[in-house]
Amino acid sequence: MKLILLGPPGAGKGTQAKMLTEKFNIPQISTGDILRAAVKDGTAMGLKAKAFMDAGGLVPDEVVVGIVRDRLLEADCDNGFILDGFPRTVAQADALQVSLQTMGKELDRVISLDVDAEALVERLTGRRTCKVCGRGYHVKFDPPGKAGICDACGGDLFQRDDDREETIRKRLQVYADQTAPLISYYRDAGALMELDGMQPIPQVQEKMLSLLQAN
Ligand code: ADP
Ligand code: ADP
Ligand code: ZN
């Protein structure tokens, strides 16, 4: 299963991707997670990416294209992968096609999650993430058993710096300008499936599984 999850910030890509990795035993490749790890580790790439991320803008295409190309070559991608948060521009989508072609691989599906702007703001302001294992929660829609503590591993939950309302608005605008064109890009390529992301997490998951199992 070689899959792209497309959708605005807060649509539920990461939440759904985590479930699919367990179900299909394939890795989730989140460029956001990889970039945040690089920022935390203080690598050269992280130093370069940080200002773009803090401002809610996109990290330059050549940086993320290189990350994904290298990641797709790792052995755990042999049986498939879930791209979460990549591609985000037409240039990234074109570069992905070239990388996949070179590897003799082809995408199976592109699933686009559709969610209203106001719901996105509420999802992102309430998002919490485990510091240790990366599992995502929501204070209202998907709360942990004990406030601030991860159910899965007992780690502390934190709120991302860019999940503040001002930066969220900027990210949604960047999505509309630079990423939303990928919906017609993949529709024209005959690869797109659209999914209503406004329903609760288990219902979205169920619909997603039925889309993935359909031909
Ligand atoms: P969200 O889950 O809210 O959509 P991500 O974790 O995917 O956010 O991304 C966080 C930030 O990392 C983005 O705002 C952007 O600065 C950077 N980023 C992640 N993926 C990409 C990408 N494919 N291209 C450019 N920048 C990216
Ligand atoms: P993305 O990776 O697309 O940015 P996330 O998967 O991180 O989005 O989800 C954003 C926030 O919304 C998280 O706090 C998550 O728990 C919550 N969430 C995800 N899917 C839903 C849903 N279907 N209904 C309500 N909240 C959701
Ligand atoms: Zn955890």
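Residues numbered from 1 in each chain as written. Chains lettered and ligands numbered in written order. Predicted model: local features only at pLDDT ≥ 70, side-chain atom pairs only at ≥ 80, totals over all residues. Heavy atoms only, no water.

1. What to know about the pattern of salt bridges
Keep this limit in mind: We define a salt bridge as a contact between a side-chain nitrogen of Lys or Arg and a carboxyl oxygen of Asp or Glu at a distance within 4 Å. Relative accessible area decides the class of each residue, using a 1.4 Å probe on protein chains only: under 20% of the type maximum gives buried, over 50% gives exposed, and in between gives partly exposed.
Applying the stated criterion to the full structure yields 14 salt bridges. Here Asp162 makes a salt bridge to Arg160, at a shortest N to O gap of 3.0 Å. Each of the two residues, Asp162 as well as Arg160, counts as buried. Asp162 serves as the salt-bridge partner of Arg171, at 3.8 Å between the closest nitrogen and oxygen. With a relative accessible area of 9%, Arg171 lands in the buried category. The class for Asp162 is buried, based on a relative accessible area of 14%. Through salt bridges that share partners, Arg127, Arg160, Asp162, Asp163 and Arg171 make up one connected network.

2. Looking at the site of ligand 2
This is how it is decided: Neighbouring residues are identified by heavy atoms, a residue being near a molecule or strand if any of them is within 4 Å of it. Under this definition, polar contacts are N or O atom pairs within 3.5 Å; protein pairs additionally need one hydrogen-donor-capable and one acceptor-capable atom, and for neighbouring residues in sequence, both atoms have to be side-chain atoms. In short, Shrake-Rupley with a 1.4 Å probe defines the accessible areas, and a residue's cover is counted only from the protein chains shown. Elements are defined by DSSP. Helices are runs of H or I of four residues or more, strands are runs of E of two residues or more, and each kind is numbered from the N terminus. Amino acids are sorted into nonpolar (Ala, Val, Leu, Ile, Met, Phe, Trp, Tyr, Cys and Pro), charged (Asp, Glu, Lys and Arg) and polar (every other residue, Gly among them).
Close contacts around ligand 2 come from 19 residues, with Gly10, Thr15, Arg127, Tyr137 and Gln199 the closest. In this structure, Gly10 approaches ligand 2 through a main-chain N or O atom, which is 2.8 Å from an oxygen atom. Here an oxygen atom of ligand 2 and a side-chain polar atom of Arg127 are 2.6 Å apart. Contact with the protein chains covers 92% of the free accessible surface of ligand 2, which is 560 Å². Only helix H1 (13-24), strand E6 (136-138) and helix H9 (201-213) provide two or more residues apiece to the shell around ligand 2. If one sorts the elements of the shell around ligand 2 by residue count, H1 sits on top with three residues. Classifying every residue of the shell around ligand 2 by side-chain character gives eight nonpolar, seven polar and four charged.

3. Let's talk about the packing of helix H7 (residues 165-179) against helix H8 (residues 181-188)
The condition is simple: The convention used is that axes are lines fitted to C-alpha atoms, helices contributing only their stretch in contact, and that angles between N-to-C directions extend from 0 to 180 degrees. In this analysis, two residues are considered to be in contact whenever any of their non-hydrogen atoms come within 4.5 Å of each other.
Close contact between H7 and H8 brings their axes to 6 Å; oriented N to C, the two are set at 35°. Contacts between H7 and H8 involve Tyr175, Ala176, Asp177, Gln178 and Thr179 from the first element and Pro181, Leu182 and Ile183 from the second. Along the lines of polarity and charge, the residues of the contact of H7 with H8 split into five nonpolar, two polar and one charged.

4. Here's the deal with H1
Keep this limit in mind: One fewer than the residue count of a helix, multiplied by 1.5 Å, yields its expected span. When we speak of the arc, we mean the arc of directions from the helix axis to the C-beta atoms.
With 12 residues, H1 extends 16 Å from end C-alpha to end C-alpha; this agrees with the ideal 16 Å at 1.5 Å per step. Taken together, the buried positions of H1 are occupied by Lys13, Gln16, Ala17, Leu20 and Thr21. Mapping the buried residues of H1 onto a view down its axis gives an arc of 140°, with all of them on the same face. Residues of H1 that are exposed and point more than 90 degrees away from the buried face comprise Glu22 and Lys23. Contacts from the buried residues of H1 go to strand E1 (2-6), strand E2 (28-30), strand E3 (81-84), strand E4 (109-114) and H9. Residue Asn25 follows H1 closely and has a positive phi angle near 55°.

5. With respect to the sheet that holds strand E5 (residues 127-130)
As a reminder of what qualifies: The pairing criterion is simple: DSSP has to find at least two bridges between the two strands.
Reading across from one edge, E6-E5-E7 is the order of the three strands in this open sheet, with antiparallel pairing throughout. The sheet terminates laterally at E6 and strand E7 (157-158), the two strands that pair on one side only. The pairing of E5 with E7 spans two bridges and is classified as antiparallel. Paired with Thr129 across the bridge in E7 is Phe158.

6. Focus on the site of ligand 1
In the region of ligand 1, 19 residues are neighbours, and Thr31, Arg36, Gly57, Gln92 and Arg171 sit closest. Between Arg160 and ligand 1, the recorded distance is 3.2 Å, taken from a side-chain N or O atom to an oxygen atom. In isolation ligand 1 has 560 Å² of accessible area, and contact with the protein removes 96% of it. At four residues, helix H2 (residues 31-41) tops the list of elements feeding residues into the shell around ligand 1. Tallied by class, residues from the shell around ligand 1 come to seven nonpolar, five polar and seven charged.

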